[in-house]
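For reference, the chains in residue letters:
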Amino acid sequence: MKTINHRNLLFAVMWCLFLVGCKNTTGSKQNVAESSEARTYTEEELYRPNFHFTPKKGWMNDPNGMFYYNGYYHLYFQHYPDDNVWGPMHWGHAISTDMITWTEQPIALYPDELGTIFSGSAVVDISNSSGLGDTERSIPVVAMYTSSKELGDGNWKQTQSIAYSNDEGKTFTKFDGNPVIDNTKIKDFRDPKVTWDEARNKWVMVLAAGDKIMFYDSKDLKNWNLLSDFGQGIGGHGGVWECPDLFELPVLGTDESKWVLFVSINPGGPNGGSATQYFIGDFDGTKFTMDKDFEKRLNENHNYWIDFGRDNYAGVTWSNARKKDGSMLMMGWMSNWDYAQKVPTEKWRSAMTIARTIQLQKNESGYRLLFNPVSELNNYRGTKFEEKNIQIKEETNLIGTNEIDLSSSEIHFNISDLQTGSYTFKLKNKVGDELKFGFNHTNNTYYVNRQNSGKVGFEEKFANKVSVAPRTSTSKEFTGTILLDKTSIELFFDNGETVMTEIFFPNQPYTQLSIEPHGQEFILDSIEINKLKFN
Ligand code: FRU
């Protein structure tokens, strides 16, 4: 264990006292077994989130292979267990019954002679279409991933492989016919995401290939046919296309459904670095075609990003986990390639976002996806603070003179009479760090400003600008859900129509929340702060 000096020790103890129920969220089983380790607050553990998934040790990036089966949500992830920077990729693994409390499992896939294990997906092969079940009737889980082989000349060869599990995702055996899709020509050729195409009774897979997405189908998950491609010259192309996803969603309040295509891009995000864009259209079993109205709006103003904050990348959906109302479930990597390898944690690096529902709405401004935290999070609500009808004339503290550690909380607010003005929320601590976010009426944008939020100097791009997001909702009411952990904020404005996720590293926990008006006094109709409890 690393030795710590007195200042750090004092700081660590204070931080721990502030944190009601602070714990390592890698899971309750481990927490019980290893509580003495979890309670040793070495400096790097200061930034371990209270309720977002982090690996116990080592590097993590994209979520992979997410599926639901038999009461468990599975999350695999890009993982390098031997260092806190990106390296030879493995698939780490964690399980959860509610997508909130995770228990880390042994590593699921190790590099082999075909290469290291890049991103991919997993499906529950209910009819044993692959024949990889260990008896004719058993149900295998089949993972498809990219084998990425360094060629020694700065280039790599990326092919697609599969592995199967006959113990519900605990352990995998690599298929002996790998790779199932070879590649000699395309440099960036990766991140297969498999989905079951119900209408056509076949597997469909989307794969990122540089500046486009390739569509494949298969009857058995082993033999794949190239169908079509999509994307050259369409949408954002500031960087390489990665981690696609394709799924169908009902349009809220109608009998209609549409297909959604996610494409992550790095760099080229709306506020710099990594981000994920989406397209709405139809898929006829062969080809993805953008909806005409969507295409027109996209060409006029490309503001179709699943998240405008800088820290939600490579997000994809859970397989076999659609909610009863038709919504899908997703999670992203809560970091950005611009600085992910330099953030101030040592034992581990990176967290995942909160799990989110995805819904599709259509109104006068066209189709738009809505993202919100999964309702399972409500089960963790503890103490509640609520204030109503507060006239905001000047900067006003929202929890009175109380100082509460806000680093595991869920906040809802509602402002209904803001016509010409703007608002700024400020999260503060005793040492002058401040995280600001709000709405700016002059250019109709939401924003997050982490420039003075604590430790920001580890990489120039971390706080070089304020992140902004266009407000697309035309509602007169301003509503939002704010999710706060020790080192992250997730903002779901206008019922999830505009989302911003950002990480930060304060020198002490934030214990004050205030709101400030600009250009107009207004009434804060309600603010509800739910402390979240994780024991
Ligand atoms: C996205 C990504 C994927 C790739 C993986 C490698 O963050 O670059 O395209 O499979 O990370 O770790």
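The rules behind the values
Here, residues in each chain are numbered from 1, in the same order as that chain's written sequence. Given that this is a predicted model, residues contribute local features only at a pLDDT of at least 70 and side-chain atom pairs are listed and counted only at 80 or more, while totals for whole chains, interfaces and linings are drawn from all residues. Side-chain figures throughout are based on the complete set of non-hydrogen atoms in the structure, without hydrogens or water. For this purpose, a residue is taken to be near a molecule or strand whenever a single non-hydrogen atom of the residue falls within 4 Å of it. Residues adjacent in sequence count toward polar contacts only when both atoms are side-chain atoms; beyond that, a polar contact is any pair of N or O atoms within 3.5 Å, and within protein one must be able to donate a hydrogen and the other to accept it. Each accessible area is a Shrake-Rupley estimate made with a 1.4 Å probe; only the visible protein chains count as cover when residues are assessed. Helix and strand assignments follow DSSP, with helices taken as H or I runs no shorter than four residues and strands as E runs no shorter than two, numbered in order from the N terminus. The cut-offs for exposure are 20% and 50% of the maximum accessible area for each residue type, with area from a 1.4 Å probe on protein chains only; residues under the lower value are buried, those over the upper are exposed, and the others partly exposed. Any two residues whose heavy atoms approach within 4.5 Å are treated as being in contact. The term salt bridge refers to a pairing of a side-chain nitrogen on Lys or Arg with a carboxyl oxygen on Asp or Glu at a separation within 4 Å. Strand pairing is defined by DSSP finding a minimum of two bridges between the two strands. Structural elements are reduced to axes, namely lines fitted to C-alpha atoms, with helices fitted over the stretch in contact, and the angle between N-to-C directions of any two is expressed from 0 to 180 degrees. Boundaries between domains were set according to an automatic or database domain assignment. Buried area: the accessible surface (1.4 Å probe) lost by two parts on joining, summed over both.

Q: Is there a simple way to explain the site of the ligand in this structure?
A: With respect to spatial proximity, the complete set of residues near the ligand consists of Asn-61, Asp-62, Gln-78, Trp-86, Met-89, Phe-118, Ser-119, Arg-190, Asp-191, Glu-242, Tyr-313 and Trp-337. The contact in question runs from an oxygen atom of the ligand to an N or O atom on the backbone of Ser-119, over 3.1 Å. With respect to the ligand, the side chain of Glu-242 contributes an N or O atom lying 2.8 Å from an oxygen atom. Computed on the free molecule, the ligand has an accessible area of 320 Å², of which 96% lies beneath the protein chains in the complex. Elements represented by at least two residues in the shell around the ligand include exactly strand E1 (58-69), strand E5 (116-124) and strand E9 (189-197).

Q: I would appreciate a short explanation of the environment of Asn-178 in the present structure.
A: Relative to the helices and strands, Asn-178 resides in the loop between strand E8 (173-174) and E9. Judged by its relative accessible area of 16%, Asn-178 is buried. A C-alpha to C-alpha distance of 50 Å links Asn-178 and Lys-436, two positions 258 residues apart in sequence. Discounting residues that sit within four places of it in the chain, Asn-178 has contacts with Leu-114, Tyr-145, Ser-161 and Ile-162. A polar side-chain atom of Asn-178 sits 3.2 Å from the main-chain carbonyl oxygen of Phe-175.

Q: Sorry, what's going on with the pattern of salt bridges here?
A: Counted under the stated rule, the structure contains 31 salt bridges. The partner of Glu-45 in a salt bridge is Arg-48, and the shortest N-O contact between them spans 3.1 Å. The burial state of Glu-45 is the same as that of Arg-48; both residues are buried. Linking Arg-297 and Asp-293 is a salt bridge whose minimum nitrogen-to-oxygen distance equals 3.0 Å. Taken together, the residues Arg-297 and Asp-293, both in helix H4 (residues 292-300) and four residues apart, mark about one turn of the helix. Judged by relative accessible area, which is 24%, Arg-297 ranks as partly exposed. Connected through salt bridges with shared partners, the residues Asp-188, Arg-190, Asp-191 and Glu-242 form a single ionic network.

Q: How should the sheet that holds strand E29 (residues 478-485) be read in this particular structure?
A: Picture the strands of a sheet paired through backbone hydrogen bonds; they go either parallel or antiparallel. What the six strands build is an open sheet, ordered E22-E33-E24-E29-E30-E31; its pairing is antiparallel. This sheet does not close on itself; its edge strands, each paired only once, are strand E22 (381-392) and strand E31 (498-503). Here the strands of the sheet are splayed against their neighbours by 15 degrees on average, with no regard to which way each runs. Here seven bridges tie strand E24 (residues 409-415) to strand E33 (residues 522-532), and the two strands are oriented antiparallel to one another. Note that in E33 the partner of Asn-414 across the bridge is Ser-526.

Q: When you look at the domain arrangement of the chain in this model, what are you seeing that I'm missing?
A: A common measure of how large an interface is: the accessible area buried when the components associate. Structurally, the chain comprises domain 1 (58-373) and domain 2 (381-532). The distance between the C-alpha centroids of domain 1 and domain 2 comes to 31 Å. Counting residues at the interface gives 30 residues for domain 1 and 29 residues for domain 2. Interface area for domain 1 against domain 2, summed over the two sides, is near 2,500 Å², with a carbon-plus-sulfur share of 56%. In terms of surface lost to domain 2, no three residues of domain 1 exceed Asn-271, Phe-308 and Arg-310, which account for 20% of the buried area on that side.

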